[in-house]
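Close look at the chain arrangement
These are the residues of each chain, in order.
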Amino acid sequence: MFRLIQTFAVVTALGLAAGCSSGSDVDEASVAGARQKKAAGPAFWVDPDSPAARQGRLWQRQGRSADAELLQRIAGQPAALWPAGEIDPTPLVRRATRAATEAGRRVLLTAYNIPHRDCGQHSAGGAADADAYREWIGRFADAIGDAEALVVLEPDAVAHIVDGCTPGELHAERERLLGEAITRLKAQPRTEVYLDAGNPAWITDPYALVEPLKRAGVEGADGFALNVSNFQTTEDTTAYGKKLSERLGGKHFVIDTSRNGNGPLPGVWCNPPGRALGTRPTTDTGDPVVDAYLWIKRPGESDGTCEGGPAAGRWWPEYALGLARNSGA
């Protein structure tokens, strides 16, 4: 997920921006009218056994009560579960959906197993081939069943098509697999799907994403997701999302606010110091096209082996503590 959290400008040769309006004068009423914003629905489920929750309990036993209290700012909030692609996702997804259903809540999930994932960088991996991916996403969807769920689909997959990191000969297959995944997940009666679309500092021209997102089946999804695992401000991300929404028939979007409380740190894309938790997860965004602020990246899990961090996705308690401490109340 190296470029998912890298801040650099991409110069695209697609020519999609030529002759396009800036999107700064979006008619809110018409955009919102393209699809009525979903009702708030059940609150999102909070995992009582998350790494942050376990760490807090450990620190309490060790006498670090002040640090444990700070960590509750993470442990007390819902964050997405990312089932590992190397194994069957069924046990984790089923456990979470059952617990959420019993609590009268919905579960937040991220599907991240597309073949040739992350171009061989910090989060390299993914399914071995197209058929393996189809089987994995089918198991993922089956495990959700009829539970209330929101799935963020394949962070960085479309943006890596646009920035050229994913080789051109793989683009058509990737777009086809994403479209199939949307269809499969949407076959579940109470599952919402948001296809990832990068962040404003990665693909700086949002219009370059329009056609790839369409080819990847975004029209069949509930919307798109922005700022996953990144630190861009909510204000900048919202403005960017509205430009993209305008070209996608008013599609709604969700924003990852898990670590954007202090915005990005220029020049440091991986585990930047001094960052803070952002807005707590909520569907009450006050904006007709922003369906939710979500914690998609789990605060405290490393971006990769940089700035002293462990491998990507590994729990890093001291970084988590910094995010919590810097977030204020």
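In the block above lies the structure referred to throughout.
This write-up is about the structure you can find in this document. (Residues numbered from 1 in each chain as written. Predicted model: local features only at pLDDT ≥ 70, side-chain atom pairs only at ≥ 80, totals over all residues. Heavy atoms only, no water.)

**A short note on the sheet that holds strand E3 (residues 191–196)**
Rules: Two strands are said to pair when DSSP picks up at least two bridges between them. Strands here mean DSSP runs of E at least two residues long; helices mean DSSP runs of H or I at least four residues long; both are numbered from the N terminus. Angles shown run from 0 to 180 degrees and are taken between the N-to-C directions of axes, each axis being a line fitted to C-alpha atoms and, for helices, limited to the stretch in contact. Any two residues having at least one pair of non-hydrogen atoms within 4.5 Å are treated as being in contact.
One open sheet accounts for six strands, arranged E1-E2-E3-E4-E5-E6; its pairing is parallel. Pairing within the sheet leaves two strands with one partner each, and these edge strands are strand E1 (107–111) and strand E6 (290–294). This sheet shows a mean twist of 25° between the axes of neighbouring strands, independent of strand direction. Here helix H9 (residues 234–246) sits on the sheet in contact with strand E4 (223–226), strand E5 (252–256) and E6, set at roughly 155° to E5.

**Observations concerning the packing of aromatic side chains**
The relative placement of two aromatic rings is captured by the distance of their centres and the angle of their planes. Quick note on the threshold: Here a Phe, Tyr or Trp ring, Trp counted by its six-membered ring, pairs with any other such ring whose centre lies within 6.5 Å, and the pair is stacked when the planes are under 30 degrees apart, edge-to-face when over 60, and tilted otherwise. Each residue gets one of three labels from its accessible area relative to the maximum for its type: buried under 20%, exposed over 50%, partly exposed in between, using a 1.4 Å probe on protein chains only. Lysine and arginine charges are scored as sitting over a ring when NZ or CZ, respectively, is within 6 Å of the ring centre and within 35 degrees of the ring normal.
Applying the stated criterion across every chain, the model contains five aromatic pairs. Arranged with centres 6.3 Å apart and planes meeting at 25°, the rings of Tyr-133 and Trp-136 form a pair that is stacked. Of this pair, Tyr-133 and Trp-136 both sit in helix H5 (residues 130–144), three residues apart, which is roughly one turn of the helix. A single burial state applies to Tyr-133 and to Trp-136, both of which are buried. A centroid spacing of 5.2 Å and a plane angle of 15° characterise the contact between Phe-224 and Phe-253, whose relative ring orientation is stacked. Placement of Phe-224 in strand E4 and of Phe-253 in strand E5 is noted, with a sequence separation of 29 residues between them. Each member of the pair Phe-224 and Phe-253 is classed as buried. One aromatic cluster in this structure is built from Tyr-133, Trp-136 and Phe-140. The side chain of Arg-64 reaches across the aromatic face of Trp-59, ending 4.0 Å from its centre.

**Concerning the pattern of salt bridges**
Here is the rule: One speaks of a salt bridge when a side-chain nitrogen belonging to Lys or Arg is within 4 Å of a carboxyl oxygen belonging to Asp or Glu.
Taken as a whole, this structure holds 21 salt bridges when the rule is applied. One salt bridge in this structure joins Glu-180 and Arg-134, with 2.7 Å as the shortest N-O distance. With a gap of 46 residues between them, Glu-180 in helix H7 (residues 171–186) and Arg-134 in helix H5 connect regions that are remote in the sequence. Residue Glu-180 is classed as partly exposed on the basis of its relative accessible area of 32%. Where Arg-215 meets Glu-175, a salt bridge forms, and the shortest distance between an N and an O atom there is 3.1 Å. Linking Arg-215 in helix H8 (residues 210–215) with Glu-175 in helix H7, this pair joins segments that are 40 residues apart in sequence. Judged by its relative accessible area of 7%, Glu-175 falls in the buried class. Here the salt bridges share partners, and the residues they tie into one network are Arg-64, Asp-67, Glu-318 and Arg-325.

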